[in-house]
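Here is what each chain is made of, one letter per residue.
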Amino acid sequence: SRQKRLAYALTTNERLFGELHRDPGFDVVILNQPLCAAGVNEHPAAEEVPKVYWFISPWAAEWKVQNPEAGFVARTFNTAYRNRMEDLALQRSDAVLVESDFIRRELKAHHRKVPAEKVTLIPGAVDLERFRPEKPDRARFGIGPGPLVLTVRRLVERMGSDLLSRAAAEVPGLQLLIGGEGPQRPELEALAASLQVPARFLGFIDDQDLPSLYRAADL
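Conventions adopted
Residues numbered from 1 in each chain as written. Predicted model: local features only at pLDDT ≥ 70, side-chain atom pairs only at ≥ 80, totals over all residues. Heavy atoms only, no water. 1 Å grid on protein atoms, 1.4 Å probe; cavity = no way out; pocket = protein on both sides within 12 Å on 5 of 7 lines; lining within 4 Å. Points joined across faces, edges and corners; volume = space filled by probe spheres on them. Helix = DSSP H or I, 4+ residues; strand = E, 2+ residues; numbered from the N terminus. Nonpolar A, V, L, I, M, F, W, Y, C, P; charged D, E, K, R; others polar. Salt bridge = Lys/Arg side-chain N within 4 Å of Asp/Glu carboxyl O. Buried < 20%, exposed > 50% of the residue type's maximum accessible area, 1.4 Å probe, protein only. Pairing = 2+ DSSP bridges. Axes fitted to C-alpha atoms, helices over the stretch in contact; angles between N-to-C directions. Contact = heavy atoms within 4.5 Å. Patch = residues over 30% accessible without salt bridge, like charges linked within 9 Å, V, L, I, M, F, W, Y side chains within 5 Å. Areas by Shrake-Rupley, 256 points an atom, 1.4 Å probe, with all protein chains shown as cover. Parallel < 35°, antiparallel > 145°, perpendicular 65-115°, else oblique. Left-handed = near helix turned anticlockwise from the far one by under 90°.

J.: If you had to explain the layout of surface pockets to someone new, which residues and values would you point to?
T.: Summary: where empty space remains is shown by rolling a probe the size of a single water molecule over the atoms. If you add up the space inside the largest pocket, you get close to 280 Å³. Lining the largest pocket are Arg2, Gln3, Arg5, Leu6, Leu35, Trp59, Phe77, Asn78, Tyr81 and Arg82. When contributions to the lining of the largest pocket are tallied by element, the ones reaching two or more residues are helix H1 (2-21) and helix H4 (72-91). In terms of residue class, the lining of the largest pocket is built from 5 nonpolar, 2 polar and 3 charged. A volume near 220 Å³ is recorded for the second largest pocket.

Rendered as structure tokens:
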């Protein structure tokens, strides 16, 4: 049941934090999910460890996007519960990180009690030693000639990968590579096939393969 899964998540995260904190102990804990944060915060030692919450997106809003058919009662309960859990995680953290002004606005819209001085924006960055222009090796990934668009992301609805397939259908000859896994993959594969888009779904991409794969793409 959902309650059992919740209890399991909380107790497991509390136990793992306790085991890992014994020796040599954490200097800081970076959290990015309310259930993980709740489990960690249940442990008595959590009070003595500085905690940073990396706010990626509002949990309640993600749930609403993934459950568009939910009725009024389910929607009200689930969004309120998730907002409350996330609010507690943010309040019990010493600092909150966001990666864009948009996410900062989302944080403020969903959690008005988080003081602005607690929030720090750290924009996305890239390691230029690893990700630098070089001659692409398309053969390594079985990619033929012609224009190529690549995306690597979690295959869930809020990522908009379906829109990418629809856009690719408007450009004859465009190849589409989609890396990553997620529950929307079968739906996306069916959509690409119905649109007759030459798309390949690569599944999980190992970090060491990302630079070469990015070089192989035109966009």
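J.: So what's going on with the pattern of salt bridges? Residues and values would help.
T.: Counted by the stated rule, this structure contains 9 salt bridges. Here Arg15 and Glu19 are joined by a salt bridge, their closest N and O atoms 3.2 Å apart. Highlighted residues: Arg15 and Glu19, both in helix H1, separated by 4 residues, approximately one helical turn. Among the residues examined, Arg15 registers a relative accessible area of 44% and is labelled partly exposed. Residue classification places Glu19 among the partly exposed positions, given a relative accessible area of 37%. One salt bridge in this structure joins Glu47 and Arg92, with 3.0 Å as the shortest N-O distance. With Glu47 in the loop between helix H2 (34-42) and strand S2 (51-54) and Arg92 in the loop between H4 and strand S3 (95-98), the pair connects residues that are 45 residues apart, well separated along the chain. Look at Glu47 and you get exposed, because its relative accessible area is 61%. Judged by its relative accessible area of 37%, Arg92 is partly exposed. Residues joined by salt bridges that share partners form a network here, namely Arg132, Glu134 and Arg215.

J.: I'd love a proper account of the sheet that holds strand S5 (residues 148-152), names of residues and values included.
T.: Think of a sheet as strands paired side by side through backbone hydrogen bonds, with each pair either parallel or antiparallel. Reading across the sheet, the 3 strands line up as S5-S6-S7 and stay open at both edges, with parallel pairing between neighbours. Two strands bound the open sheet, and with one partner strand each, they are S5 and strand S7 (199-203). Looking at each pair of strands side by side, their axes are set apart by 15 degrees on average, direction ignored. Here S5 runs beside strand S6 (residues 175-179); their pairing, made up of 5 bridges, is parallel. If you follow Thr151 over to S6, its bridge partner there is Ile178. Packing against the sheet, helix H6 (residues 161-168) makes contact with S5 and S6, and its axis sits at approximately 170 degrees to S6.

J.: With reference to specific residues and values, describe a nonpolar patch on the surface.
T.: There is a patch of nonpolar side chains on the surface, built from Leu16, Leu20 and Phe26 and spanning about 260 Å² of accessible area. Given a relative accessible area of 34%, Leu16 falls into the partly exposed group.

J.: Explain the packing of H2 against H4 to me, and be specific about the residues and the numbers.
T.: Look at H2 against H4: their axes get within 9 Å of each other, and the N-to-C directions meet at 50 degrees. If you check the angle between H2 and H4, you find them oblique. The way H2 lies across H4 gives a crossing that is left-handed. From H2, Pro34, Leu35, Ala37 and Ala38 reach across to H4, where they touch Tyr81, Met85, Glu86 and Ala89. Looking at the contact of H2 with H4 residue by residue, the class counts come to 7 nonpolar, no polar and 1 charged.

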